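In case you want the letters, here they are:
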Amino acid sequence: MKDLLSIVSHFKIQGSVQEIKPLGSGLINDTYLVATGDGTPDYVLQRINHSIFQNVEMLQANISAVTGHIRKKLEAKGEKDIERKVLHFIEADNGKTYWFDGENYWRVMVFIPRAKTYETVNPEYSYYAGVAFGNFQAMLADIPDKLGETIPDFHNMEFRLKQLRDAVAADAAGRVKEVQYYLDEIERRAEEMCKAERLHREGALPKRVCHCDTKVNNMMFDEDGSVLCVIDLDTVMPSFIFSDYGDFLRSAANTGLEDDKNLDNVNFNMEIFKAFTKGYLESAKSFLLPVEVENLPYAAALFPYMQCVRFLADYINGDTYYKIQYPEHNLVRTKAQFKLLQSVEEHTPAMKEFIASCMG
């Protein structure tokens, strides 16, 4: 507590600190609730994981640009309760929104009272997620700031395939032979799956400001069930809109587990797809280009494919990136993601039909 108190003392907060205790179960950053007394706001203290986010200056500049732009939009619309609808980071006494203690980077934001997150993935919350993330992109479609890539090549399919091909060439763990079927299937789809990068080079597909980590629990809900705001902005960066759309569906619309050993459990859930897509298009179609809309089914396939490539590369490399519970874990994950990809491919005609009906 004493160490944390000294860190908080570098930030320009109101009130006096009564208590600091761990908050939430995030996997990336260490998070604490800073409780104050006397009717002043409570705060959230976070240690930024700078092994993942190596350029903290860029990370915080991105977040400041995004939250500032959203705040302006909400003010222009005459929104009430703005403090609960956009994250607010506190300045440190170095004039920045982070503090470096010689070892770690820290930041403080205002705690949003009377708000909660949900882990539930069902059609209702998937619809809310679609509206919220579509709205998030729509508000940022005209942001004047140029954002940096906090994790370079994060969703770059060409880069992920190069990593796999390098792994195959090295064959560090001697596993290439046993996975040849999956390598062939991946290569068969490689050209189609890299089309976003090609369309971008041709000038047909823009990069926009995207969240790049679209999960149901990255939204704050009010007590009445309405969405307050999108949170967890560390991965906000320029990307194709496919990142936010496809990544949500990869996890939310999978009827099985990401590492399901029983592939019969793994299918693409069209009810979740329809609910999320309906919400997303309601709030995003104001700015989406035809090329973005027509490639939404491609985005739904791209993310299981990309994850399949990443798990397989790690398996071939001898499991150096993802944590594993048993020796074949990355291979089991590869097979589950490939099964999900096949299910997405089977549902593509129905997806196209539904998207057309939403655009009406």
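Our structure is the block above this text.
Here the structure is a predicted model, which means the values were calculated and not measured. (Residues numbered from 1 in each chain as written. Predicted model: local features only at pLDDT ≥ 70, side-chain atom pairs only at ≥ 80, totals over all residues. Heavy atoms only, no water.)

The subject of this paragraph is the pairing of strand β2 (residues 30-36). Burial analysis of β2 places six of its seven residues in the buried class, which makes it a mostly covered element. As judged from the five bridges shared by strand β1 (residues 17-22) and β2, these two strands associate in the antiparallel manner. By the bridge assignment, V17 is partnered in β2 with T36. (Buried < 20%, exposed > 50% of the residue type's maximum accessible area, 1.4 Å probe, protein only. Helix = DSSP H or I, 4+ residues; strand = E, 2+ residues; numbered from the N terminus. Pairing = 2+ DSSP bridges.)

What follows deals with the pattern of salt bridges. Under the defined criterion, the tally for this structure stands at 25 salt bridges. Its salt-bridge partner being E57, residue K96 comes within 3.3 Å of it at the nearest N-O pair. Placement of the pair is K96 in the loop between α2 (56-76) and β4 (99-100) and E57 in helix α2, with a sequence separation of 39 residues. Residue classification places K96 among the partly exposed residues on the basis of a relative accessible area of 34%. Residue R107 pairs with D234 through a salt bridge whose shortest N-O separation is 2.8 Å. (Salt bridge = Lys/Arg side-chain N within 4 Å of Asp/Glu carboxyl O.)

Spatial ordering of the open sheet is given by β6-β8-β9, a layout of three strands whose pairing is antiparallel. Lying at the two open borders of the sheet, with one neighbouring strand each, are β6 (115-116) and β9 (227-230). For strand β8 (residues 219-222) and β9, the ladder comprises three bridges, and the chain directions are antiparallel. Paired with M220 across the two strands is C229, which belongs to β9. Helix α3 (residues 123-140) rests against β8 and β9 of the sheet, and its axis sits at about 115° to β8. (Contact = heavy atoms within 4.5 Å. Axes fitted to C-alpha atoms, helices over the stretch in contact; angles between N-to-C directions.)

Turning next to the sheet that holds β1. In space, the five strands of this open sheet follow the order β1-β2-β3-β5-β4, with antiparallel pairing throughout. Two strands lie at the open edges of the sheet, namely β1 and β4, each paired on one side alone. On top of the sheet, α2 reaches β3 (43-48) and β5 (105-110); it is set at about 15° to β5, its chief contact.

Glancing now at the pairing of β3. Burial within β3 is extensive, with five of its six residues counted as buried. Examined bridge by bridge, β2 and β3 share five bridges and lie antiparallel to one another. Bridged to T31 within β3 is Q46. Hairpin connection from β2 to β3: six residues lie between these consecutive antiparallel strands, with D38 at a positive phi of about 60°.

Turning to the side chain of R71, a few remarks are in order. Of note, R71 is situated in helix α2. Side-chain polar atoms of R71 contact the side chain of E83, separated by 2.7 Å. In this structure R71 touches I82, E83, V86, L87 and H88, once residues within four positions along its chain are discounted. (Polar contact = N/O pair within 3.5 Å; in protein donor to acceptor, adjacent residues only side chain to side chain.)

Geometry of an aromatic ring pair is reported as the spacing of the ring centres plus the angle between the planes. Applying the stated criterion to the full structure yields 21 aromatic pairs. Ring geometry for F268 and F273: centres 6.0 Å apart, planes at 50°, overall tilted. This pair shows no difference in class: F268 is buried, exactly as F273 is. Connected via pairs of aromatic rings, a cluster forms that spans Y118, Y125, Y127, Y128 and F221. The ring centre of Y298 lies 4.9 Å from the NZ or CZ of K195, which sits over that ring. (Phe/Tyr/Trp six-rings, centres within 6.5 Å; stacked < 30°, edge-to-face > 60°. Lys NZ or Arg CZ within 6 Å of the ring centre and 35° of its normal.)

Before going further, it helps to spend a moment on the environment of N218. Structurally, the position occupied by N218 is in the loop between β7 (208-210) and β8. Considered as a pair, N218 and C229 are 11 residues apart in the sequence and their alpha carbons are 8.8 Å apart. Once residues within four sequence positions are removed from consideration, N218 is found in contact with F133, H211, D213, C229, V230, I231 and D232.

A separate point is the nonpolar core. Counting 104 residues, the largest nonpolar core has V66, M157, Y245, L249, F268, F273 and Y305 as its most contacted members. Looking at which element gives the most residues to this core, the answer is helix α10 (residues 296-317), with 15 residues. Within the second largest apolar cluster, 16 residues are counted, among which are I7, F11, I13 and A92. (Core = buried A, V, L, I, M, F, W, Y, C linked by side-chain atoms within 4.5 Å.)

Along the chain, M270 turns up in helix α8 (residues 270-284). Distance in space between the C-alpha atoms of M270 and A253 is 7.2 Å, their sequence separation being 17 residues. Excluding residues that lie within four positions of it along the chain, M270 makes contacts with H347, A350 and M351.

Another aspect to go through is the packing of helix α7 (residues 242-252) against α8. Packing of α7 against α8 leaves a shortest axis separation of 10 Å and a crossing angle of 155°. What the angle tells us is that α7 and α8 run roughly antiparallel. Handedness of the α7/α8 crossing: right-handed. The residues of α8 that touch α7, namely those facing D244, Y245, F248, L249 and A252, are I272, F273, F276, T277 and Y280. (Parallel < 35°, antiparallel > 145°, perpendicular 65-115°, else oblique. Left-handed = near helix turned anticlockwise from the far one by under 90°.)

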